[in-house]
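Residue strings, one per chain:
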Amino acid sequence: MPARENAARRNLGPALSRRPVSECPFQLTASEKKLLKDPDWIDEEEADLILAMREEREYEPGDSIPLREHIRRHGFHVKD
């Protein structure tokens, strides 16, 4: 039995789940528009995917450091 059986489900409505590309809060590139199921509409899942891809492109592998080094830089002693 679900813990919250009588709780009302929130309806996010069409504004959050699907909207015209023209109302998208960020500009889409031509390659990003090719990923859309419908070129005139974007849904929440497609927007999440595009933003995740953008974030991944911005990440540079040289920016990462080992966890032990990070801890040492912040003044903690780590046993090797």
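Student: Where do I start with the pattern of salt bridges in this structure?
Tutor: Charged atoms that come close allow side chains of opposite charge to pair. For the structure on display, the rule yields 5 salt bridges. Between Glu32 and Arg57 there is a salt bridge, with its nearest N and O atoms 3.4 Å apart. Pair noted here: Glu32 is in helix α2 (residues 30-33) and Arg57 is in helix α3 (residues 44-58), with a separation of 25 residues, a long-range link. Asp43 serves as the salt-bridge partner of Lys37, at 3.4 Å between the closest nitrogen and oxygen. Under the relative-accessibility criterion, Lys37 is labelled exposed at 68%. One continuous salt-bridge network, built from bridges that share partners, spans Glu32, Arg54 and Arg57.

Student: Honestly, the environment of Asp43 in this entry has me stumped. Any pointers?
Tutor: Within the secondary structure, Asp43 is located in strand β2 (residues 41-43). Among the residues examined, Asp43 registers a relative accessible area of 13% and is labelled buried. A C-alpha to C-alpha distance of 5.3 Å links Asp43 and Ser17, two positions 26 residues apart in sequence. Residues contacting Asp43, with those up to four places away along its chain left out, are Ser17, Arg18 and Lys37. Separated by 3.4 Å, the side chains of Asp43 and Lys37 make a polar contact.

The rules behind each value
Residues numbered from 1 in each chain as written. Predicted model: local features only at pLDDT ≥ 70, side-chain atom pairs only at ≥ 80, totals over all residues. Heavy atoms only, no water. Salt bridge = Lys/Arg side-chain N within 4 Å of Asp/Glu carboxyl O. Helix = DSSP H or I, 4+ residues; strand = E, 2+ residues; numbered from the N terminus. Buried < 20%, exposed > 50% of the residue type's maximum accessible area, 1.4 Å probe, protein only. Contact = heavy atoms within 4.5 Å. Polar contact = N/O pair within 3.5 Å; in protein donor to acceptor, adjacent residues only side chain to side chain.

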